[in-house]
Amino acid sequence: MWNRQTTTEPQSEPSNPEVDNRRMTVPSALSSARIGASLTIKGSVTGEEDLQIDGKVEGPVTIRGRLTVGSSGQLSAGVTARELAVYGKVSGNVDARDRVEIKRDGAVIGDIQTARISIEDGAIFKGRIEIGRSVQNQATKPERSPALGVGAA
């Protein structure tokens, strides 16, 4: 079923740029991006895929997937994401529609709005927490229209 050549790569030959470019265009089921520890970004970051920040970001971050702030990561601005995991430091308000996890060595200084939250022992948090239903749960719940009872006698 699987050809051994397609699952293994030669170890002794240098990488071929043509092969690498073609490989980059193939969509991945687990698409994610990473901002390395030596990188500093000043400005807004937006994206559809999961993102891990190990460097420093000064500006708002809007991610439709999971945002992870690594142990060396520093984020100074607002965050909007589906999920947020903090191992490093976040200074700014957080809006995560599904979940926020502040890990043992993580720190969040700012207000949090989410459906679920987990704060481990040793984590630092300073701000307000507003717990509400996730956007998906609200969409499935039928809304009552104020106009339904009008005119019925």
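Residues numbered from 1 in each chain as written. Predicted model: local features only at pLDDT ≥ 70, side-chain atom pairs only at ≥ 80, totals over all residues. Heavy atoms only, no water.

(A) The pattern of salt bridges, seen in detail. Counted according to the given criterion, the structure contains 10 salt bridges. A salt bridge links Arg 34 to Asp 54, with the shortest nitrogen-to-oxygen separation between them at 2.7 Å. Residue Arg 34 is located in strand β1 (residues 32-35), and its partner Asp 54 is located in the loop between β4 (50-53) and β5 (56-58); the two are separated by 20 residues in the primary sequence. Here Glu 48 makes a salt bridge to Arg 64, at a shortest N to O gap of 3.3 Å. Linking Glu 48 in the loop between β3 (45-47) and β4 with Arg 64 in the loop between β6 (61-63) and β7 (66-69), this pair joins segments that are 16 residues apart in sequence. (Salt bridge = Lys/Arg side-chain N within 4 Å of Asp/Glu carboxyl O. Helix = DSSP H or I, 4+ residues; strand = E, 2+ residues; numbered from the N terminus.)

(B) Up close: the sheet that holds strand β2 (residues 40-42). An order of β2-β5-β8-β10-β12-β14 is seen for the six strands of this open sheet, with the pairing classed as parallel. The sheet terminates laterally at β2 and β14 (124-126), the two strands that pair on one side only. With direction set aside, neighbouring strand axes in the sheet form an average angle of 5°. Sheet topology note: the strand β12 (residues 107-109)/β14 ladder contains three bridges and is parallel. (Pairing = 2+ DSSP bridges. Axes fitted to C-alpha atoms, helices over the stretch in contact; angles between N-to-C directions.)

(C) Seen up close, the confidence of the model for the protein. For the protein, mean pLDDT is 81; residues scoring 70 or higher make up 67% of the total. Segment residues 6-10 is flagged for pLDDT under 50; beyond a separation of four residues in sequence, or across chains, it makes two contacts in the model. When the criterion is pLDDT under 50, residues 16-29 qualifies, and its contacts beyond four places in sequence or with other chains add up to two contacts. (pLDDT = per-residue confidence, 0-100. Contact = heavy atoms within 4.5 Å.)

(D) View of the pairing of strand β13 (residues 112-119). Examined bridge by bridge, strand β11 (residues 94-102) and β13 share seven bridges and lie parallel to one another. Bridge pairing in β13 links Val 100 to Ile 117. Here three bridges tie β13 to strand β15 (residues 129-131), and the two strands are oriented parallel to one another. If you follow Thr 114 over to β15, its bridge partner there is Ile 131.

(E) Summary view of the nonpolar core. Of all hydrophobic cores here, the largest spans 21 residues; its most connected members are Val 61, Leu 67, Leu 84 and Val 94. For this core, the secondary structure elements donating two or more residues are β4, β6, β7, β9 (79-86) and β11. (Core = buried A, V, L, I, M, F, W, Y, C linked by side-chain atoms within 4.5 Å. Buried < 20%, exposed > 50% of the residue type's maximum accessible area, 1.4 Å probe, protein only.)

(F) Structural context of a nonpolar patch on the surface. A cluster of nonpolar residues, Ile 117, Ile 119, Ile 129 and Ile 131, forms a patch on the protein surface that exposes about 300 Å² of accessible area. For the nonpolar patch, the secondary structure elements donating two or more residues are β13 and β15. Positionally, Ile 131 belongs in strand β15. (Patch = residues over 30% accessible without salt bridge, like charges linked within 9 Å, V, L, I, M, F, W, Y side chains within 5 Å. Areas by Shrake-Rupley, 256 points an atom, 1.4 Å probe, with all protein chains shown as cover.)

(G) Representation of the environment of Ser 32 within the structure. Locating Ser 32 in the fold gives a position in strand β1. What makes Ser 32 exposed here is its relative accessible area of 52%. Here the alpha-carbon distance between Ser 32 and Arg 66, two residues 34 residues apart in the chain, equals 8.9 Å. For Ser 32, the contacting residues outside a window of four places in its chain are Glu 49 and Asp 50.

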